[in-house]
Amino acid sequence: MKVQSRVQFQDIVDLYLYRTKVVDDISGSVTISVPPEINVPRIQIQKPDDDSDDELEIHGKRRDRFRTRRRASIAPLPALRLNDKEMLASDFDAYSVASNQASITSVNSLASLLREKMQAFPQMIRKKKRETKDYKIKIFVIIMFFMIIFLIGFAYVGYHRKLLTYSYFEKIKFNGNDRILRILSRDEKEVISGQLGKTIGMDNKPFHCLEDNRKQDGSVCMEWNGIARLYMNFLDKDVFRCYTIKWQSLSAGNYPTDCYELKRNNGLWFGGGITKSREWSLSNDNFDFTPFSSGDLKVHQFGNGVKRYFINSIGVAIQISEKTPLHLSINTTTNEFCMRAQNDDFTFVNHLTELPELEYKICTTDGMKSLHMLMTQKILWDGLKVSDMQIIKSLMFEPVWRTPHSETMETFNETTIYNYSEDLIALGLPLGHILINEFWQENVGDFTVDQKRFPNLFKTIDLLHRRGFKIVFTIQPFISTDSENFKEAVRKKLLIYERHSERSIPALTRYKSSSSAGVLDITNNASVYWLKEKLEKLKADYKVNSFYLDLGTGYNLPHYYQCRQTLDNPDMYAKLFTESLESVGFIGVSTASSVPKPPAFLSTQPLNSSWDGLKELMSTVMNYGVIGYPLILPGAVGGDYWLNKTMTKMISFYSLGQPPEPDEELYIRWLQLMTFMPAMQFSYLPSYYKGDQMKKLAKDLAIIRQQTVNPVLDKTLSESLNEGVPLIRPLWMLDPNDTSCLSISDEFSVGEELIVAPILDPGVEEREVYLPQGVWKDGIDSSLRKGSRWIHNYKVPRDKIAFFTKMPDKTRF
């Protein structure tokens, strides 16, 4: 019979741990086995097959169940290990011989000890778990501590950044440490961003200015010790917001420099004036720091019309102070538009401050067009007379006929002027102004008619008046050293003098036909009075209607110029000259840095008689309109000179001679474009070409001008004089939100009712045309065209020009 018995769990585990095994060699075995996959092991005891009781008696005593009858002696037990001390089987047997009971007691004691250990084992496990749990808690607490420290520090930095950003002005973000400026629109969108103080090292930290250096106009003042001082102010004009920024250099080697991003997603930049690359948008230009001054595009960065005004297509504008010695840079690699204040030895040689200062304002509003109207010079009609308005309209509605340049001065005489007027009358075109170049005098600066070549000029002019022409004389501020007036001007100290010469040596320059000439000091009241007297005498003696001021550019002043009153920059000379002679009356100026008072038009620079010159004409007129010159007088149809090479130094187009007869196709496309300009100017006449085709084309275009263009110009004129918006406009002024309009540089609008898409390349009779929103009437076939879309492969024959007239909003097909 088999008997199975269970023992306590602790005894089993202890026996298992100490690998104890009892073997019965007589009748069977007692096997203790603990399978590793079973948590609670069992002990199975097998007994002999004979019918014996569970307990046996020996000598009247009860035997232990672990003994058998046949056992003659104590069987050797395997070695036991207790508390890391090994007890051999022989030692165990010695104890067994002494007393079997003692043996059993020893085993029971061992089991009890092991049982105690086992009872303590769960507590040890629980203690270890508690220790592990405590360790994790400690790590968690430490991590949370550092996170709290980080969040507090981040909040502290963020708070101070926000304090610097928002505590001063609305919608402006600026941090003094990295000098990053960001301006936001009303709906929290970034409209402009850039870095101020580019020449200041990033390791230099700012501090608030001392009380003595602060202004009382609400400006925020920050200073970088010994390097520069920054003032920021805010002006809220309800309709738009302006932020004034002014840098003062505190060390001779520091040139305040601010750079703004030219990111395409932040719109396109326009303004400043036409540049050497003739790019329509400044965002596409690329040039290093150069003085901002009017010049000759053949050799200088900017053309004859400049203004310190720049506007972005998303509604932000920058206007820079006239007193800043301004240098500009456009870098398309880093996409930056940079302004720098730096004096030099010519353009900004007059140190208006001890150290250079950069001052400008940034204005923003909800729309580009409305911002442009707010930033440009307005109320141009203020002070105009009825006669002034008549002159403006006569320049728009009637051509300007510029007398051709003769091979030699001797061949230019009364007969030349009379014959030219005969050719004009034969054309059958509207009569207008005959512009006589400076060769009406023997020497530039004589301000008297050359009696040898024009003995009866007053009679010729009287005849021209009766025929309906108006006579305009070209005058200049230059006085040739060969003129009798030069000696008088030196004697009366009427000229600009060499710098540091104590007004004893006149400064000389070269301009056009004069290889050596002095320049009238327009800051001297005596010079103004002297010149006015001579011009009034000319008007009285010869019945001259008005004058054209050929002022040159900023670079035409003598290099070491010194005026009685310090000029902010060379372009101030042309501004003062124009303002001083307003009462004399003139129809145009050759250069400007501010809008001349009407009826004066700003003329474009002389243009090369080439297809590139035609493209330059269109870019120049639109660019000048953007910077605030509404009245533009383009150069002559066909170009002003001919040059087939790149120039590296200034040269007068007069020295290049009259251009040869322009290519017929070029002349046609030029004439077509000029039909839609604010004014038309001719030197070569359409009748100079053989055949009747050119004459017919000229008459057809004259009809378009009279019936279509002039009414739009007349309607737009009052808006231009009142708001400062140009007569000729880029398409984005029609729809600033239309991205297609922003990138188009070969179309323009006359006011808001006429779109023109000229041909600007040879041999081309079709082009792509884009029409803004609305309904437009095709000027070629009178069909109606839906706006907000491109017209592909639009046919434009040689004798046609593409133009479209805006129809009423309710017009339907």
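Draft legend 1. Focus on empty space enclosed by the protein. With the rule as written, the count across this model stands at 6 cavities of 30 Å³ or more. One number sums up the size of the second largest cavity: a volume of about 70 Å³. In this structure, the second largest cavity is lined by 15 residues; those nearest its centre are Leu551, Thr553, Gly554, Pro570 and Tyr573. Top element by residues in the lining of the second largest cavity is helix 10 (residues 571-580). It accounts for 3 residues. Residue classes in the lining of the second largest cavity are distributed as 8 nonpolar, 6 polar and 1 charged.

Draft legend 2. The packing of aromatic side chains, seen in detail. Under the criterion given, the structure shown has 25 aromatic pairs. Both rings, one in tyrosine 573 and one in phenylalanine 577, keep their centres 6.1 Å apart while their planes meet at 35°; by these two values the pair is tilted. Taken together, the residues tyrosine 573 and phenylalanine 577, both in helix 10 and 4 residues apart, mark about one turn of the helix. Note on accessibility: tyrosine 573 and phenylalanine 577 belong to one class, buried. A centroid spacing of 5.8 Å and a plane angle of 85° characterise the contact between tyrosine 684 and tyrosine 688, whose relative ring orientation is edge-to-face. Judged by relative accessible area, which is 16%, tyrosine 684 ranks as buried. Since its relative accessible area comes to 29%, tyrosine 688 is described here as partly exposed. The residue whose ring lies beneath lysine 215 is tyrosine 231, and the NZ or CZ to ring-centre distance is 4.5 Å. The ring of tyrosine 561 carries arginine 499 above its face, with NZ or CZ at 5.7 Å from the centroid.

Draft legend 3. Local environment of the pattern of salt bridges. Tallied over the entire structure, the rule returns 28 salt bridges. Close ionic contact of aspartate 640 with arginine 402 constitutes a salt bridge, the shortest N to O distance being 2.9 Å. Taken together, the residues span a long stretch of sequence, with aspartate 640 in the loop between strand 34 (632-633) and helix 12 (664-674) and arginine 402 in strand 23 (residues 400-402) at a distance of 238 residues. We note that aspartate 640, like arginine 402, is buried. When the shortest N-O distance is used, the salt bridge between glutamate 753 and lysine 715 registers 2.3 Å. Placement of the pair is glutamate 753 in the loop between strand 37 (748-750) and strand 38 (754-757) and lysine 715 in helix 13 (residues 693-723), with a sequence separation of 38 residues.

Draft legend 4. Examining the environment of serine 185 more closely. By secondary structure assignment, the location of serine 185 is in the loop between strand 9 (180-184) and strand 10 (190-195). In this structure, the C-alpha to C-alpha distance between serine 185 and threonine 365, residues 180 residues apart in sequence, is 7.3 Å. Look past the residues within four positions of serine 185 in its chain and what remains in contact with it is Lys171, Val191 and Arg241.

Draft legend 5. Structural detail: the nonpolar core. Within the largest apolar cluster, 157 residues are counted, with the highest numbers of intra-cluster contacts made by Phe473 and Phe748. In terms of residues, this core owes the most to one element, helix 13, which gives 9 residues. In this structure, phenylalanine 473 is in contact with Ile436, Trp440, Val449, Leu457, Ile461, Leu538, Val544, Ser546, Phe547 and Tyr548, ignoring residues within four places of it in sequence. Grouped together as the second largest cluster of nonpolar side chains are 39 residues, Leu230, Tyr243, Phe287 and Ile330 included.

Draft legend 6. Structural context of the packing of helix 5 (residues 386-397) against helix 13. Interaxial distance between helix 5 and helix 13 falls to 10 Å at its minimum, and their mutual angle equals 145°. The way helix 5 lies across helix 13 gives a crossing that is right-handed. Counting all contacts with helix 5, which are made through Met389, Ile392, Lys393, Met396 and Phe397, the residues of helix 13 involved are Arg705, Asn710, Leu713, Asp714, Leu717 and Leu721. The class makeup of the residues in the contact of helix 5 with helix 13 is 7 nonpolar, 1 polar and 3 charged.

Draft legend 7. Examining the pairing of strand 32 (residues 586-589) more closely. Bridge count for strand 30 (residues 546-549) against strand 32 is 3 bridges, and the pairing is parallel. Residue pairing in the sheet places tyrosine 548 in a bridge with glycine 588 of strand 32. Strand direction decides the pairing type here: strand 32 and strand 33 (residues 601-603), joined by 2 bridges, are parallel. Bridge pairing links valine 589 to leucine 602 in strand 33.

Draft legend 8. Quick look at the sheet that holds strand 23. With parallel pairing, the 8 strands of this open sheet are ordered in space as 34-33-32-30-25-24-23-35. The open sheet is flanked by strand 34 and strand 35 (681-682), the only strands paired with a single partner. Of the strand pairs in this sheet, strand 33 and strand 34 are connected by 2 bridges, and their pairing is parallel. Bridging across to strand 34, serine 603 finds its partner in leucine 633.

Rules of the game
- Residues numbered from 1 in each chain as written.
- Predicted model: local features only at pLDDT ≥ 70, side-chain atom pairs only at ≥ 80, totals over all residues.
- Heavy atoms only, no water.
- 1 Å grid on protein atoms, 1.4 Å probe; cavity = no way out; pocket = protein on both sides within 12 Å on 5 of 7 lines; lining within 4 Å.
- Points joined across faces, edges and corners; volume = space filled by probe spheres on them.
- Helix = DSSP H or I, 4+ residues; strand = E, 2+ residues; numbered from the N terminus.
- Nonpolar A, V, L, I, M, F, W, Y, C, P; charged D, E, K, R; others polar.
- Phe/Tyr/Trp six-rings, centres within 6.5 Å; stacked < 30°, edge-to-face > 60°.
- Buried < 20%, exposed > 50% of the residue type's maximum accessible area, 1.4 Å probe, protein only.
- Lys NZ or Arg CZ within 6 Å of the ring centre and 35° of its normal.
- Salt bridge = Lys/Arg side-chain N within 4 Å of Asp/Glu carboxyl O.
- Contact = heavy atoms within 4.5 Å.
- Core = buried A, V, L, I, M, F, W, Y, C linked by side-chain atoms within 4.5 Å.
- Axes fitted to C-alpha atoms, helices over the stretch in contact; angles between N-to-C directions.
- Left-handed = near helix turned anticlockwise from the far one by under 90°.
- Pairing = 2+ DSSP bridges.

As far as function goes, none of this settles anything; it's purely spatial.
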